[in-house]
Amino acid sequence: MNQFNWDTSFSVDFDLESGISKKAETTKRYLSQMKDMYYDTDSAERILEESDPLIYEFHELGCPERSGDLAFGTTILYPGCVGDEYYMTKGHFHTILETAEVYYTLSGEGYMVMENPEGDTLELPLRAGEAVYVPRRYAHRSVNTGDQPLVMFYTFGADAGHDYGTIETKGYHKLIVKREEGTAVIDNPKWKQGAAV
Ligand code: MN
């Protein structure tokens, strides 16, 4: 998609009923594409025997990957759990590690889970009307802890690049799970094994 001229100004309607979020093509991530990222792989397999739920989708507006540009779009992360682990995005580092990102929550609730290569972790709530700053050097994954879609606007330096492989190989240090008493942040029991295949 290249309907925008990134060398001049333009505006985009992000209204979820009639705007770009309804019209634009999205990249979709189904459970089958990320089943090994959930720590309860038995639950993931059981779900996949019945169906292959859409976990999240996001719009990219075709921003060229140039230094100085700002890529932006929306992510829609659906509510649900695999075992007791909430639906989440894959999460990634930026290839240019020193690239920050801003997420603004339009609706829904959840967590932004972040960690740097040294293993320092950050977990911040995502609430409608609030922005979260993802600092340079931190991988980032969003998690939907509510019962409605979590809809976020994001923007980052357009030449940042995406490294999904490190997270796919090693997993995250921290997981966000559903407990009777509410949402809990736990250590990933599989992290040291290099969880995912
Ligand atoms: Mn990013």
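Below is a short write-up of the structure. (Residues numbered from 1 in each chain as written. Predicted model: local features only at pLDDT ≥ 70, side-chain atom pairs only at ≥ 80, totals over all residues. Heavy atoms only, no water.)

## Side note on the overall build of the protein
Then, number 1: Within the protein one finds 3 helices and 15 strands.
Then, number 2: The C-alpha atoms of the protein give 17 Å as radius of gyration, which agrees with the globular expectation for 197 residues (16 Å, within 12%).
Then, number 3: Looking at the protein as a whole, 43% of its 197 residues are labelled buried.
Then, number 4: When contacts within the protein are restricted to residue pairs at least 6 apart in sequence, long-range pairs at least 24 apart make up 68% of them.
Then, number 5: When the accessible area of the protein is evaluated, it comes to approximately 9900 Å², of which 46% is carbon and sulfur surface.
Then, number 6: The average position of the 18 basic charges and that of the 33 acidic charges among the side chains of the protein differ by 2 Å. (Helix = DSSP H or I, 4+ residues; strand = E, 2+ residues; numbered from the N terminus. Rg over C-alpha atoms; globule rule 2.2 N^0.38 Å. Buried < 20%, exposed > 50% of the residue type's maximum accessible area, 1.4 Å probe, protein only. Contact = heavy atoms within 4.5 Å. Areas by Shrake-Rupley, 256 points an atom, 1.4 Å probe, with all protein chains shown as cover. Lys, Arg positive; Asp, Glu negative; His and termini not counted. Charge placed at Lys NZ, Arg CZ, Asp CG, Glu CD.)

## Focus: the coordination of the manganese ion
Then, number 1: Around the manganese ion, the protein contributes the donor atoms His92 (NE2), His94 (NE2), Glu101 (OE) and His140 (NE2), at 2.1 to 2.3 Å from the metal centre.
Then, number 2: Counting residues between consecutive donors of the manganese ion along the chain gives the motif H-x1-H-x6-E-x38-H. Judged on exposure class, the residue histidine 94 and its partner glutamate 101 are both buried. (Donors = N, O, S within 2.8 Å, 3.2 Å for Na, K, Ca; no water.)

## Concerning the nonpolar core
Then, number 1: If you look at the biggest cluster of nonpolar residues, it comprises 40 residues, and the most contacted ones within it are Met34, Tyr38, Ile55, Leu77, Met112 and Val134.
Then, number 2: Mapped onto this core, the elements with two or more residues apiece are β2 (54-58), β3 (70-77), β8 (109-115), β10 (131-134), β11 (139-144) and β12 (150-157).
Then, number 3: With 4 residues, the single largest contributor to this core is β12.
Then, number 4: Beyond its immediate chain neighbours, meaning those up to four positions away, methionine 112 contacts Tyr103, Leu122, Glu123, Leu124, Leu126, Val132, Val134, His140, Arg141 and Ser142. (Core = buried A, V, L, I, M, F, W, Y, C linked by side-chain atoms within 4.5 Å.)

## With respect to the pairing of β3
Then, number 1: With 7 of its 8 residues buried, β3 lies for the most part within the structure.
Then, number 2: Strand direction decides the pairing type here: β2 and β3, joined by 3 bridges, are antiparallel. When the bridges of β3 are listed, glutamate 57 appears paired with isoleucine 76.
Then, number 3: Bridge analysis of β3 against β12 gives 8 bridges, and the strand direction is antiparallel. Paired with phenylalanine 72 across the two strands is threonine 155, which belongs to β12. (Pairing = 2+ DSSP bridges.)

## Some thoughts on the sheet that holds strand β9 (residues 121-127)
Backbone hydrogen bonds are what pair the strands of a sheet, in a parallel or an antiparallel way.
Then, number 1: One open sheet holds the 3 strands; their spatial order is β9-β8-β11, and the pairing between them is antiparallel. Whereas interior strands pair on both sides, the edge strands pair on one side only; in this sheet they are β9 and β11. Averaged over neighbouring strand pairs, the angle between their axes works out to 20 degrees when direction is ignored.
Then, number 2: Where β8 lies against β11, 6 bridges are found, and the strand directions are antiparallel. By the bridge assignment for β11, methionine 112 is matched with serine 142. (Axes fitted to C-alpha atoms, helices over the stretch in contact; angles between N-to-C directions.)

## Some remarks on the environment of leucine 70
Then, number 1: You can see leucine 70 is positioned in strand β3.
Then, number 2: By relative accessible area, leucine 70 is classed as exposed at 55%.
Then, number 3: Spatially, the C-alpha atoms of leucine 70 and aspartate 159 are 8.4 Å apart, while their sequence positions differ by 89 residues.
Then, number 4: The residues touching leucine 70, leaving out its near neighbours within four places in the chain, are Trp6, Cys63, Thr155, Phe156, Gly157 and Ala158.

## Section: the sheet that holds strand β1 (residues 27-30)
Then, number 1: In spatial order, the strands read β1-β2-β3-β12-β7-β10; together these 6 strands make up an open sheet with antiparallel pairing. For this open sheet the edge positions go to β1 and β10, each flanked by a neighbour on one side alone. Between one strand axis and the next, the sheet turns by 20 degrees as a mean value, whatever way the strands run.

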